[in-house]
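Now for the letters of each chain:
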Amino acid sequence: MVDTFLVPPKTVVDARGDSVAVEVSGTANRVFLLNLEITNIVEQESLDLSIYSSADGATWGPKPLAIFPQKFYRGPHPLLLDLTALSEVKFIRAHWK
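No experiment lies behind these values; they were computed from the predicted model shown. (Residues numbered from 1 in each chain as written. Predicted model: local features only at pLDDT ≥ 70, side-chain atom pairs only at ≥ 80, totals over all residues. Heavy atoms only, no water.)

Undergrad: Help me understand the overall build of the protein chain, please; the structure alone is not making it clear to me.
TA: Each helix and strand in the protein chain was counted, giving 0 helices and 7 strands. Going residue by residue from the N terminus, the α and β elements of the protein chain occur as β-β-β-β-β-β-β. Relative to the 2.2 N^0.38 estimate, which gives 13 Å for 97 residues, the radius of gyration of the protein chain is 13 Å and therefore close to what a compact globule would have. In terms of overall dimensions, the protein chain has a C-alpha envelope of 40 × 25 × 20 Å along the principal axes. Within the span of the protein chain, comprising 97 residues, buried residues form 34% of the whole. Long-range contacts, defined as pairs at least 24 residues apart, comprise 74% of the intrachain contacts of the protein chain with a sequence gap of at least 6. Roughly 6,700 Å² of accessible area belongs to the protein chain as shown, and the carbon and sulfur atoms make up 54% of that amount. Side-chain charges in the protein chain split into 9 positive and 11 negative, and the spacing between the mean points of these groups amounts to 3 Å. (Helix = DSSP H or I, 4+ residues; strand = E, 2+ residues; numbered from the N terminus. Rg over C-alpha atoms; globule rule 2.2 N^0.38 Å. Buried < 20%, exposed > 50% of the residue type's maximum accessible area, 1.4 Å probe, protein only. Contact = heavy atoms within 4.5 Å. Areas by Shrake-Rupley, 256 points an atom, 1.4 Å probe, with all protein chains shown as cover. Lys, Arg positive; Asp, Glu negative; His and termini not counted. Charge placed at Lys NZ, Arg CZ, Asp CG, Glu CD.)

Written out as C-alpha cells, the structure reads:
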C-alpha cells in the first residue's frame, strides 16, 4: 500500500505545475484510490488535474493515465487508478493547471 500525497496538502495552485514522482513499482496491489481534496477555490476558476506515468522517473508519457473531471467546487473528489495491466509503469506524478 502506498499512502502518500502526489500534491502536498495546502498547495496553492495559481499556475501550471507538476508533483514529485512517486514510485509505485513495489506495490502488491496496482489499483489506487486517488483523492483530490479542494479546500478553497476562486469563483469562476477551475482546476484540471491529470496523472502521468513513467518507467524510469525521468521520461513521462505524452498522454495522461487518468484525468480528474474539471473541478469548480470545494470538497473531496475520488478517482480510481488501475495499473494492473500496465506493468511498465514504475512512477506516477500529478500535473495541474
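Undergrad: Can you help me understand unusual backbone geometry in this one?
TA: What you tend to see is this: most non-glycine residues have negative phi, and most peptide bonds are trans. A positive phi angle is found at Lys10, which is not glycine, with a value near 70°. By the secondary structure assignment, Lys10 is in the segment before β1 (17-18).

Undergrad: Would you take a moment to explain the side chain of His77 for this structure?
TA: Looking at where His77 falls in the secondary structure, it is placed in strand β6 (residues 75-82). With residues near it in sequence (within four places) discarded, His77 still touches Leu34, Asn35, Leu36, Ile38, Phe68 and Lys71.

Undergrad: What is the right way to look at the pairing of strand β3 (residues 31-38) in this model?
TA: Here is the key point about a regular strand: its side chains alternate between the two faces of the sheet. Covered by surrounding structure in β3 are Phe32, Leu34, Leu36 and Ile38 only, the residues Val31, Leu33, Asn35 and Glu37 on the alternate face being uncovered. Looking at chain direction, β3 and β6 are connected through 8 bridges and run antiparallel. Among the inter-strand pairings, Val31 is bridged to a residue of β6, identified as Asp82. (Pairing = 2+ DSSP bridges.)

Undergrad: Before we go on, may I ask you to explain the nonpolar core in this structure?
TA: Most often, soluble globular proteins have nonpolar side chains that are buried together. One finds Leu6, Leu34, Ile51, Leu81, Leu83 and Ile92 to be the most contacted residues of the largest nonpolar core, which totals 19 residues. Breaking this core down by element, the ones donating at least two residues are β3, β4 (49-54), β6 and β7 (91-96). A total of 4 residues in this core trace back to one element, the largest contributor, which is β3. Beyond its immediate stretch of four places on either side in the chain, Leu83 contacts Val24, Arg30, Phe32, Leu65, Val89 and Ile92. (Core = buried A, V, L, I, M, F, W, Y, C linked by side-chain atoms within 4.5 Å.)

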